[in-house]
Amino acid sequence: MNAFVSIADVDSTVVQGRKIVADAAPLLPLGPFNAATAQVNEWRGRCLDAFTRGETAVTECLAALSGVGERGKSVKLPLLIGARLDSLSAAIGPGGPFAAEAGKAAAATLEEYRAHAAR
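Residues numbered from 1 in each chain as written. Predicted model: local features only at pLDDT ≥ 70, side-chain atom pairs only at ≥ 80, totals over all residues. Heavy atoms only, no water.

### Digging into the confidence of the model for the protein
Filter applied, for reference: pLDDT measures how confident the predictor is about each residue, on a scale from 0 to 100. Per the convention used, a helix needs a DSSP run of H or I reaching at least four residues, while a strand needs a run of E reaching at least two, with both numbered from the N terminus. We call two residues contacting when some pair of their heavy atoms lies within 4.5 Å.
Residue-level pLDDT values for the protein average 80, and 77% of them are 70 or greater. Confidence, expressed as mean pLDDT per element, reaches its minimum in the protein at helix H1 (residues 7-24) with 51 and its maximum at helix H2 (residues 30-66) with 93. Long-range and interchain partners of residues 10-15, a stretch whose pLDDT sits below 50, account for 1 contact in this model, where long-range means more than four residues apart.

Put into C-alpha cells, the structure is as follows:
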C-alpha cells in the first residue's frame, strides 16, 4: 500500500465531496431554517431591549436619589450594572436612606429583576 495519494485521487475526492453537498441541498430546505433564525434573533432583540430598559431604570433611579438633599449623598452611581443594583438595593432596602419611600414592594421587585439580570 502506498502512503502517498496521487493528485488525481485528491481532485476526484474533492469533486465527489462537492457533489454530495450539492445533492443534499434540495433535501434540506432553507425556508424553515431562515424562519427559525429570524424568530431567535427577534427574541434576542426583545431580551436585550428588556435588560437595557431595566438597566436604564436603575441608573435613572440612582441619579434621582443621589440628588435628594443629605440623604442622596450616600447614594453612589457605580460603573457596572451589578454594582448599581447593589447601590440601589442599599438605598431602598431596610436601613437605607430611602427605605420609607420605597417600601418592601420596590425592594422585592429589584430582587426579582436581579435574578433575571444574573442570567
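### A look at the nonpolar core
Selection rule: Residues belong to one nonpolar core when they are buried, are Ala, Val, Leu, Ile, Met, Phe, Trp, Tyr or Cys, and are joined through side-chain atoms within 4.5 Å. Think of it in three bands: residues with accessible area under 20% of the maximum for their type are buried, residues over 50% are exposed, and the middle band is partly exposed, with areas taken using a 1.4 Å probe on protein chains only.
Residues Val58, Leu62, Leu65, Val75, Leu85, Leu88, Ala91, Ile92, Phe98, Leu110 and Tyr113 constitute the largest nonpolar core, which totals 11 residues. Counting residues per element, the ones that place at least two in this core are H2, helix H3 (81-92) and helix H4 (99-117).

### Details of the pattern of salt bridges
In plain terms, the rule: Each salt bridge in this description consists of a side-chain nitrogen of Lys or Arg and a carboxyl oxygen of Asp or Glu lying within 4 Å of one another.
Inspection of every chain in the model, using the stated rule, returns 5 salt bridges. Here arginine 53 makes a salt bridge to aspartate 49, at a shortest N to O gap of 2.9 Å. Here arginine 53 pairs with aspartate 49, and both are found in helix H2, just 4 residues apart, close to one helical turn. Among the salt bridges present, the one from aspartate 86 reaches arginine 114, with a minimum N-O distance of 2.7 Å. One end of the pair, aspartate 86, is in helix H3; the other, arginine 114, is in helix H4, with 28 residues separating them in the sequence. Each of Asp86, Glu111 and Arg114 takes part in a single network of salt bridges with overlapping partners.

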